[in-house]
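Structural characterization, general
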Amino acid sequence: MQTSEQPRSGHVVIGVDTHKHVHVAAVMDTIGGILATLTIPTDTGDFQQLADWADSFGHILAFGIEGTGSYGATLTSFLRRAGHKVVEAGRPDRRLRRMNGKSDTLDAENAARAVLAGFATATPKTADGEAEMIRQLKIAHDQAVEQRAAAMITIKAILIHASDALRRETAGKTQISLARQLAALRPRRLEGPEDALRHTLRTLAKRWQYLDAEAKELTKMIGDLVQRVAPQLLEPFGIGVDTAAEILVVTGDNPERIKSEAALAKLAGIAPVPTGSGMTGGRHRINHGGHRQLNAAIYRTVIVRMRIHQPTIDYVARRTAEGKTKREIIRCLKRYVIREVYHLLQPTPRTASAAS
């Protein structure tokens, strides 16, 4: 009795489930289903082994990789340099996980199926230019700001237990003045709680000063990078260095991967989500997905404009007279801002011709 081989088209999609120490890949033929799987360590030499292994099954349509911005970033960069198309596969559907179980091999297979079915289409960020540099600096900056705030909160909490004289001396001072005064304390020997408290305040004040200097230095570095790569983002009213940096971090070094202003709005969690069903057609709700830091930055821009930007103030008054709530008006203004940002990110004709 003869058995026929599984039909194959010769066109394959590779799904990869990435981890810290190993990556698991699955190759899927367009008509033959899953053909094989492979587990490799996360070394550049093993990336070449993965590429050669995938080539042996036929023409590669695309690699679908989970975590292109984290554990899969190095593999994504390697495959892109080798000329392969790479797609962000995203997380598997939780309902499918509950029904079919979870393993690294199943996740790799699901990544391949998502690419082949057209569910996974996002182009990963290249992470090879100024936007990636800004992202890395912002990690250190945001942590320094967070720890600086925590240090000041602790200082003020400890001052409650200080002597009356010290509390009077520090009352009403700004954070910089307070830290400067407490850092100049000269504690005596540790003979009682008052001595320990002065040592603690001095240490925390010096820590606050160090973090403040670090945050200011990183802010300047981020500002210089923003001015270098996209100075046009700083021209609109209400968009400062911090907001412009968040925009560049989200769009990445290849903003052309975002095909429309609606796509950027969805990426920022600003695009409304339809919720119509049955007799409730046409309703929408707020999108709770997207990049929350960029969403918050756009929100701050809108609030600034609503307070001191006369055209926005006039718009709010007109929409309020039409019966719109403040929440609805802010939602509309955020959409206008993201539209303005999208067009600012598009290359000018002169830039495009120079690049060609």
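Source: prediction; values computed, not measured. (Residues numbered from 1 in each chain as written. Predicted model: local features only at pLDDT ≥ 70, side-chain atom pairs only at ≥ 80, totals over all residues. Heavy atoms only, no water.)

Some remarks on the domain arrangement of the protein chain
This is how it is decided: Boundaries of every domain are those given by an automatic assignment or by a domain database. Here, residues are in contact when the closest pair of their heavy atoms is within 4.5 Å. Using a 1.4 Å probe, buried area is obtained as the accessible area two parts lose upon being combined, added over both of them.
Each domain of the protein chain was delimited in the assignment, giving domain 1 (11-117), domain 2 (130-229) and domain 3 (241-274 + 286-345). Relative placement of domain 2 and domain 3: their C-alpha centres are 33 Å apart. Contact residues are listed per partner, giving 10 residues for domain 2 and 9 residues for domain 3. Together, the buried faces of domain 2 and domain 3 total about 750 Å²; carbon and sulfur atoms form 74% of this surface. When residues of domain 2 are sorted by the area they lose upon contact with domain 3, Ala131, Lys138 and Val226 head the list and together hold 55% of the total.

So, unusual backbone geometry
Heads up, the rule is: Going along the chain from the N terminus, every DSSP run of H or I of four or more residues is numbered as a helix, and every run of E of two or more is numbered as a strand. Only protein chains enter the area calculation, which uses a 1.4 Å probe; residues under 20% of their type maximum are buried, those over 50% are exposed, and those in between are partly exposed.
Even without a glycine there, the phi angle at alanine 127 is positive, about 55°. Within the secondary structure, alanine 127 sits in the loop between helix 4 (104-117) and helix 5 (130-159). Note on alanine 127: relative accessible area 40%, which makes it partly exposed.

Observations concerning the side chain of aspartate 29
Heads up, the rule is: Polar contacts, as counted here, are pairs of nitrogen or oxygen atoms within 3.5 Å of one another; within protein the pair requires one atom able to donate a hydrogen and one able to accept it, and residues that are adjacent in sequence qualify only if both atoms are side-chain atoms.
Among the structural elements, aspartate 29 can be located in strand 2 (residues 22-29). Engagement of the side chain of aspartate 29 in a polar contact is seen with the backbone nitrogen of isoleucine 31, the distance being 3.0 Å. Setting aside anything within four residues of it in sequence, one finds aspartate 29 in contact with Pro7, Arg8, Ser9, Gly10, His11, Val12, Leu35 and Leu116.

Remarks on the nonpolar core
For clarity, the threshold we go by: Only buried residues count toward a nonpolar core. Its members are Ala, Val, Leu, Ile, Met, Phe, Trp, Tyr and Cys residues joined through side-chain atoms within 4.5 Å.
Among the nonpolar cores identified, the biggest contains 36 residues, and Ile134, Leu233 and Val341 are the most heavily contacted of them. Elements with a contribution of two residues or more to this core: helix 5, helix 8 (193-229), helix 9 (241-251), helix 10 (261-267), helix 11 (292-308), helix 12 (310-321) and helix 13 (326-345). The greatest single-element share of this core, amounting to 8 residues, is contributed by helix 13. When residues of this core are sorted by domain, at least three fall in each of domain 2 (130-229) and domain 3 (241-274 + 286-345).

Considering helix 13
The condition is simple: In this scheme, a helix's expected span is set at 1.5 Å multiplied by one less than its residue total.
Its 20 residues give helix 13 an end-to-end C-alpha distance of 29 Å, which sits within 8% of 28 Å, the value for a rise of 1.5 Å per residue. Buried residues of helix 13: Ile329, Ile330, Leu333, Lys334, Arg335, Val337, Ile338, Val341, Tyr342 and Leu345, and no others.

Quick look at the pairing of strand 1 (residues 11-18)
Going by this rule: One bridge is not enough; two strands pair if DSSP finds at least two bridges between them.
With 7 of 8 residues buried, strand 1 is to be regarded as a mostly interior element. Pairing between strand 1 and strand 4 (residues 59-65): 6 bridges, direction parallel. In the strand pairing of strand 4, valine 16 is matched with isoleucine 65. When strand 1 meets strand 2, the two strands line up antiparallel, connected through 7 bridges.

A few points about a nonpolar patch on the surface
Operational definition: Patch membership requires more than 30% relative accessible area and the absence of a salt bridge. Residues of like charge join within 9 Å; the nonpolar side chains Val, Leu, Ile, Met, Phe, Trp and Tyr join within 5 Å. Note on areas: Shrake-Rupley, 1.4 Å probe, and residue coverage restricted to the protein chains presented here. Any carboxyl oxygen of Asp or Glu that lies within 4 Å of a side-chain nitrogen of Lys or Arg is treated as forming a salt bridge with it.
Nonpolar side chains collect at one region of the surface, where Phe237, Val304 and Ile308 lie side by side and expose about 260 Å² of accessible area between them. Counting through the fold element by element, phenylalanine 237 comes out in the loop between helix 8 and helix 9. Overall, the relative accessible area of 35% leaves phenylalanine 237 in the partly exposed class.

Here we look at the pairing of strand 4
Two faces, one strand: in a regular strand the side chains alternate between the faces of the sheet. The cut-off we apply is this: Crossover handedness is defined here as right-handed if the route from the first strand over the helix to the second strand goes clockwise, with the strands pointing away from the viewer.
Counting buried positions along strand 4 gives 5 out of 7 residues, so the element sits mostly inside the fold. For strand 4 and strand 5 (residues 86-88), the ladder comprises 3 bridges, and the chain directions are parallel. Bridging across to strand 5, phenylalanine 63 finds its partner in valine 86. Regarding the hand of the β-α-β motif, the stretch spanning strand 4, helix 2 (residues 73-81) and strand 5 is right-handed.

Description of the packing of aromatic side chains
Definition in use: Two aromatic rings, drawn from Phe, Tyr or Trp (for Trp, its six-membered ring), form a pair once their centres lie within 6.5 Å of each other, and the interplanar angle then sorts them: stacked below 30 degrees, edge-to-face above 60, tilted otherwise.
Inspection of the entire model under this criterion finds 3 aromatic pairs. Note on phenylalanine 47 and phenylalanine 78: the rings are 5.9 Å apart at their centroids and 55° apart in plane angle, and the pair reads as tilted. One end of the pair, phenylalanine 47, is in helix 1 (residues 44-55); the other, phenylalanine 78, is in helix 2, with 31 residues separating them in the sequence. The two residues phenylalanine 47 and phenylalanine 78 agree in class, both being buried. With centroids separated by 5.7 Å and ring planes inclined at 80°, the aromatic side chains of tyrosine 315 and tyrosine 336 adopt a geometry described as edge-to-face. Residue tyrosine 315 is located in helix 12, and its partner tyrosine 336 is located in helix 13; the two are separated by 21 residues in the primary sequence. Residue tyrosine 336 is classed as partly exposed on the basis of its relative accessible area, which comes to 40%.

Here's the deal with the packing of helix 7 (residues 175-183) against helix 8
Here is the rule: Axes here mean lines fitted to C-alpha atoms, for a helix over just the part in contact, with angles spanning 0 to 180 degrees between N-to-C directions. Note on terminology: angles under 35 degrees are roughly parallel, angles over 145 are roughly antiparallel, angles of 65 to 115 are roughly perpendicular, and the others are oblique. Definitions for this section: a left-handed crossing has its near helix turned counterclockwise from the far helix by less than a right angle. A right-handed crossing has that turn clockwise. Ten residues, namely Ala, Val, Leu, Ile, Met, Phe, Trp, Tyr, Cys and Pro, are considered nonpolar, four, namely Asp, Glu, Lys and Arg, are considered charged, and the remaining ones, Gly among them, are considered polar.
Viewed as axis vectors pointing N to C, helix 7 and helix 8 meet at an angle of 135°, and their least axial separation amounts to 8 Å. As summarised for this structure, helix 7 and helix 8 are arranged oblique, according to the angle between their axes. The chirality of how helix 7 crosses helix 8 is left-handed. Residues Gln175, Ile176, Ala179, Arg180, Leu182 and Ala183 of helix 7 pack against Leu201, Arg202, Ala205, Lys206, Trp208, Gln209 and Lys216 of helix 8. Within the contact of helix 7 with helix 8, the residues separate by chemical class into 7 nonpolar, 2 polar and 4 charged.

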